[in-house]
Amino acid sequence: MSIYDKASKREVLKQEEIGNHLQVFEDRPAEFDAWNIDSFYKEKSWNLEDLQECEVLENGPIQGYIYLKRKFESSTVEQYIYFYNHTKRIDFKTTID
């Protein structure tokens, strides 16, 4: 993945870094169902790598955005990622079903 800052003329992410890296962790609570995260939650995890769709929906002079759709088991993760001409900010709108 690459994010290039045109104003600074440099890559924003270091070579070993991954941007927009989504993970799923198994939660088997020892005591409370919804109010705590146990220290061993990282022992079982999955990376969301099953990219089903990737589409540029707008590439205009003011903003651009892309659509990503990933699957994990019976779940769907949809993302809209917005880029703007007037700011370095990147917005993510993520929906998980």
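This one's a predicted model, so the numbers in the text were calculated from it and none came from an experiment.

### Quick notes on the side chain of Thr-76
Here Thr-76 lies in strand β7 (residues 75-84). Excluding residues that lie within four positions of it along the chain, Thr-76 makes contacts with Lys-69, Arg-70, Lys-71, Thr-95, Ile-96 and Asp-97.

### What about the pairing of β7?
Pairing geometry for strand β6 (residues 63-72) and β7, over 10 bridges, is antiparallel. Residue Phe-72 lies in a different strand from β7, and its bridge partner there is Ser-75. Where β6 hands over to β7, the hairpin turn is made up of two residues, of which Glu-73 adopts a positive phi near 50°. The pairing of β7 with strand β8 (residues 90-96) spans seven bridges and is classified as antiparallel. Across the sheet, residue Gln-79 finds its bridge partner in β8, namely Thr-94.

Conventions adopted
Residues numbered from 1 in each chain as written. Predicted model: local features only at pLDDT ≥ 70, side-chain atom pairs only at ≥ 80, totals over all residues. Heavy atoms only, no water. Helix = DSSP H or I, 4+ residues; strand = E, 2+ residues; numbered from the N terminus. Contact = heavy atoms within 4.5 Å. Pairing = 2+ DSSP bridges.

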